[in-house]
Amino acid sequence: MPVNLTIHSNIHDYDVFFEDSPDFIQHLAIQPNSCYIVDENVWTIYQETLLSVLPKIETIILPINEDRKNLATVQELYDQLVERPAKRNMNIISIGGGILQDITGFAASTIYRGVNWIFVPTTLLAQADSCIGSKTSLNYHKYKNLIGTFYPPANIHIFTQFLQSQSDSDFSSGFGEVIKLHLMGGRDLFSNLVELSQSVINREPRVLHKIVQQSLNVKLSYMSGDEFDTGRRNLLNYGHDFGHALESTSSFAIPHGQAVIFGMLAANIIARKRGLLSSDLEKTIANKLLIPNWVSKPTINALGKNEMIDAMKKDKKRTGNNLALIMMNDTFEFTRVNDLFPDEAASALAELQIMLN
Ligand SMILES: NC(=O)c1ccc[n+]([C@@H]2O[C@H](COP(=O)([O-])OP(=O)(O)OC[C@H]3O[C@@H](n4cnc5c(N)ncnc54)[C@H](O)[C@@H]3O)[C@@H](O)[C@H]2O)c1
Ligand SMILES: [Zn+2]
């Protein structure tokens, strides 16, 4: 029997089903008033196998990439959806990664003021992180995730077998977020992931199942009581301060979760320099988990320290001349400070450069 997780939400409660067989797709394929929206790459790989049971006539194959995560693509979808006989009773079933989730979740939350929505995540990032949390986001011109709604799917079905076909680069990006969530889950989860990390990289099914569940449990524990992201949930941005900066200075050449690994390394250096994190623990985390899974390997020199600090200055939550940063301490507790000096950030980046070379 699959293990399930019920998530309480101010919008509506929803369930995550951890599936151990593909039978659930057959059940989804016969749900009335359904429209199936499938990431084109996922369709190409699985149309003859796992997804062959979907009724073709009800299926929309959506080509996606980050540049198509916008209102124009949502409009394309509206154009197709309004032609269907189902209206407010429509059931949208999305199958794909985080981009497809964001586009179709936005469409599901707005068409007819919100229709039933089911999500089948197919990437490590979407299964272990983005599928819960209620956010749907679209990019607006150059601004990432500027437009969006809070709208959780009614049901989420996680089938880790989909992860076998992910590219190494996308998989390692998802793994960055998994590492972050295991650190945020405390010392035992951290040690557990150190033990399992080679098996994760080898994509052993049993282990994938376990780390996805563990990641979602941690995310849930930070979301509880703060669904709309006004307080504690914000700590989930650990690793994202320097991470977002690296993403933007690399013009998004570095995948998001990989940039988060870089961001965690930088944040931990600063936490150590501020006396929050012992040198031993900082080194253990870096050497056992972060550096071995940092596969991007550009030098910081090439990317520009000053540009990265300028990018951090654009953080909306920043006050005065200093920067914001989320750090961990020796007992795996997380805090956000707003008093990081740009010089402190620069010296951490210089140290990180030596560490990564
Ligand atoms: N809504 C949220 O709460 C939230 C949270 C985090 C991230 N996100 C968003 O998620 C997006 C990133 O999502 P992602 O990392 O899942 O990437 P993605 O959706 O871009 O998928 C990555 C690539 O893998 C392909 N793909 C998907 N599943 C596959 C599979 N099983 N086998 C082979 N290829 C497959 C896709 O077609 C795509 O080319 C970003 O746009 C980010 O902003 C949203
Ligand atoms: Zn992230």
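First, a word on what this report is: a plain description of the structure on this page. (Residues numbered from 1 in each chain as written. Chains lettered and ligands numbered in written order. Predicted model: local features only at pLDDT ≥ 70, side-chain atom pairs only at ≥ 80, totals over all residues. Heavy atoms only, no water.)

As a further point, take the environment of Y46. Following the sequence through the fold, Y46 ends up in helix α2 (residues 40–46). Overall, Y46 belongs to the buried group, its relative accessible area being 10%. Through-space distance from the C-alpha of Y46 to that of F162 is 9.0 Å; in sequence the pair is 116 residues apart. Ignoring any residue separated from it by four or fewer positions in sequence, one finds Y46 in contact with L51, S52, Q161, F162 and S165. (Helix = DSSP H or I, 4+ residues; strand = E, 2+ residues; numbered from the N terminus. Buried < 20%, exposed > 50% of the residue type's maximum accessible area, 1.4 Å probe, protein only. Contact = heavy atoms within 4.5 Å.)

Quick look at the site of ligand 1 now. Neighbouring ligand 1 are 22 residues, the closest being D39, N41, E66, G98 and T123. Contact distances for ligand 1 include 2.7 Å between an oxygen atom and a side-chain N or O atom of N41. In isolation ligand 1 offers 860 Å² of accessible surface; the protein chains occlude 84% of this area. Taken together, the elements giving at least two residues each to the shell around ligand 1 come down to α2, α4 (98–110) and α5 (124–130). With four residues, the top contributor of residues to the shell around ligand 1 is α4. For the shell around ligand 1, the per-class residue count stands at six nonpolar, ten polar and six charged. (Near = heavy atom within 4 Å. Polar contact = N/O pair within 3.5 Å; in protein donor to acceptor, adjacent residues only side chain to side chain. Areas by Shrake-Rupley, 256 points an atom, 1.4 Å probe, with all protein chains shown as cover. Nonpolar A, V, L, I, M, F, W, Y, C, P; charged D, E, K, R; others polar.)

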